[in-house]
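# Chain and residue survey
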Amino acid sequence: MSKRSKEVLGRVIDRYRNIPDELRSGKPLRVGEALTKIFLLVILMLAIGPQHTESNGWQWRFFVFLLSPPNEIGDTFAGIAGVLAFLWIIVTVWLQSLQLADQKEEISRQADEFEKMNSTMSQQNFENFFFELVNTQNSIVNSFDLRKSKDGSIISQGRDCFENFYRDVVGYDMRWITQESENPDNASENYEKVLQDHGSDLGQYFRFTYNAMREIEESEYSSKRHRRLFRALFSDDELLIIFYNCLNRRGKKFVRYAESFEIFNNLPHDRLVRREHWEEYQILVEKFS
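Let us look at the structure shown here. (Residues numbered from 1 in each chain as written. Predicted model: local features only at pLDDT ≥ 70, side-chain atom pairs only at ≥ 80, totals over all residues. Heavy atoms only, no water.)

Per the secondary structure count, the protein chain includes 12 helices and four strands. Burial analysis of the protein chain (289 residues in total) assigns 33% to the buried set. For the protein chain, the proportion of contacts with a sequence separation of at least 24, taken over those separated by at least 6, is 63%. Put simply, the protein chain shows about 18600 Å² of open surface, and 54% of that area lies on carbon and sulfur atoms. (Helix = DSSP H or I, 4+ residues; strand = E, 2+ residues; numbered from the N terminus. Buried < 20%, exposed > 50% of the residue type's maximum accessible area, 1.4 Å probe, protein only. Contact = heavy atoms within 4.5 Å. Areas by Shrake-Rupley, 256 points an atom, 1.4 Å probe, with all protein chains shown as cover.)

So this is what it looks like as structure tokens:
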């Protein structure tokens, strides 16, 4: 190769020093550009190189190419164009695959965000529903009132009514409760009478409380916090009435949720009519909870 050719080749190589970085970039367009430069560089090196023939001696390939028949020139350009087209088809497919991967990742990210947003909305909806249950529970209790049969005057209202219900279950003056075996144990019969006398109020109360606990228990968004807040609604007298309702044949299904919500953790055991009643409840726990 002549000195002049080497100089031209050197200048070309200097302009293409960034090709290795482009090949290592991992970006389709930069890699395509680098490969295109390499291919054109090879073509250029072949074009500027000399060739020797017996008839004409040493000649530049480029000048030989220009003097070639038109069909050979066309075939040469077609071959070069075909290689470049094939190269850029590969680059295009690579680029599209990356774009599809990015789109898939974006769709996955949006799906995760939507799921989180939907979960947040569902949690918020449950929180609203939970406090509606609490408000309804309080409304039902506040609607209670006990009146004298003679003149209809109010004896007690709201949660105070449960104290009267409890007195009726005990069946005698609570000042003399000792829980000893000699005390009469008519709690079951007395509770049945309470249900007969106040069935409309207590029936609604127990149905709602049971179903409210079931909804909270079955919701995937409920937690111990919701159970603690719900059981905090009950007064001591309410807990006693709920307890004797669990001992009653009508309230045995209530045992499961009473245990799940741990509502009897604060039960005043010293106010049970008989100590044996707690033992009876434990038997029900093993059977129904």
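Further notes follow.
Backbone geometry at Glu 262 places phi at a positive 55°, although glycine is not the residue there. Structurally, Glu 262 can be placed in the loop between helix 11 (254–260) and helix 12 (276–288). On the accessibility criterion, Glu 262 (40% relative accessible area) is partly exposed.

Of the residues making up helix 7 (residues 187–197), those classed as buried are Ala 187, Asn 190, Tyr 191, Glu 192, Val 194 and Leu 195. On its buried face, helix 7 is in contact with helix 6 (160–170), helix 8 (199–218), helix 10 (236–247) and helix 12.

Judged by nonpolar contacts, the single largest core of 49 residues is most densely connected at Phe 230 and Ile 263. Those elements that place two or more of their residues in this core are helix 5 (70–142), helix 6, helix 7, helix 8, helix 10, helix 11 and helix 12. For this core, the leading source of residues is helix 10, giving eight residues. (Core = buried A, V, L, I, M, F, W, Y, C linked by side-chain atoms within 4.5 Å.)

Turning our eyes to something else, we now look at the packing of helix 6 against helix 10. At their nearest, the axes of helix 6 and helix 10 sit 8 Å apart, and the two run at 45° to each other. Viewed along their axes, helix 6 and helix 10 adopt a mutual orientation that is oblique. Here helix 6 and helix 10 pass one another in a crossing that is left-handed. Each of Phe 162, Glu 163, Phe 165, Tyr 166 and Val 169 in helix 6 lies in contact with helix 10, whose residues at this interface are Asp 237, Glu 238, Leu 240, Ile 241 and Tyr 244. (Axes fitted to C-alpha atoms, helices over the stretch in contact; angles between N-to-C directions. Parallel < 35°, antiparallel > 145°, perpendicular 65-115°, else oblique. Left-handed = near helix turned anticlockwise from the far one by under 90°.)

With that settled, the discussion passes to a nonpolar patch on the surface. A contiguous nonpolar patch, built from Leu 35, Ile 38, Val 42 and Leu 46 and spanning about 290 Å² of accessible area, is present on the exposed surface. The residue Val 42 is located in helix 3 (residues 28–48) in this model. (Patch = residues over 30% accessible without salt bridge, like charges linked within 9 Å, V, L, I, M, F, W, Y side chains within 5 Å. Salt bridge = Lys/Arg side-chain N within 4 Å of Asp/Glu carboxyl O.)

Using the criterion set out here, one finds 11 salt bridges in the structure. Between Lys 193 and Asp 197 there is a salt bridge, with its nearest N and O atoms 2.9 Å apart. Placement of the pair is Lys 193 and Asp 197 together in helix 7, with a separation of four residues, close to one helical turn. We classify Asp 197 as partly exposed; its relative accessible area is 46%. What emerges from the salt-bridge pattern is a single network uniting Glu 192, Arg 249 and Arg 250.

For the rest of this paragraph, the subject is the packing of aromatic side chains. Enumeration according to the criterion identifies 18 aromatic pairs in this entry. Relative to Phe 264, the ring of Phe 243 lies with its centre 5.6 Å away and its plane at 80°, an arrangement referred to as edge-to-face. A residue pair is termed long-range when its members are at least 10 positions apart, and Phe 243 in helix 10 and Phe 264 in the loop between helix 11 and helix 12 qualify at 21 residues. A network of ring pairs unites the aromatic residues Phe 144, Phe 162, Phe 165, Tyr 205, Phe 206, Tyr 210, Phe 254 and Tyr 257 as a single cluster. Sitting over the face of the ring of Phe 261, Arg 227 holds its NZ or CZ atom 5.8 Å from the ring centroid. (Phe/Tyr/Trp six-rings, centres within 6.5 Å; stacked < 30°, edge-to-face > 60°. Lys NZ or Arg CZ within 6 Å of the ring centre and 35° of its normal.)

All of the buried residues along helix 6 are Cys 161, Phe 162, Phe 165, Tyr 166, Val 169 and Val 170. Taken from the residues just after helix 6, Gly 171 is the one with a positive phi, measuring 85°.

By the element assignment, Arg 214 lies in helix 8. C-alpha of Arg 214 to C-alpha of Ser 260: the two residues are 46 residues apart in sequence and 9.9 Å apart in space.

Two strands pair when backbone bridges link them, and strand 3 (residues 145–147) and strand 4 (residues 154–157) are joined in this way by three bridges, in the antiparallel orientation. When the sheet's bridge partners are listed, Asp 145 is paired in strand 4 with Gln 157. In this antiparallel pair of consecutive strands, strand 3 and strand 4, the connection spans six residues, and Gly 152 shows a positive phi of 75°. (Pairing = 2+ DSSP bridges.)

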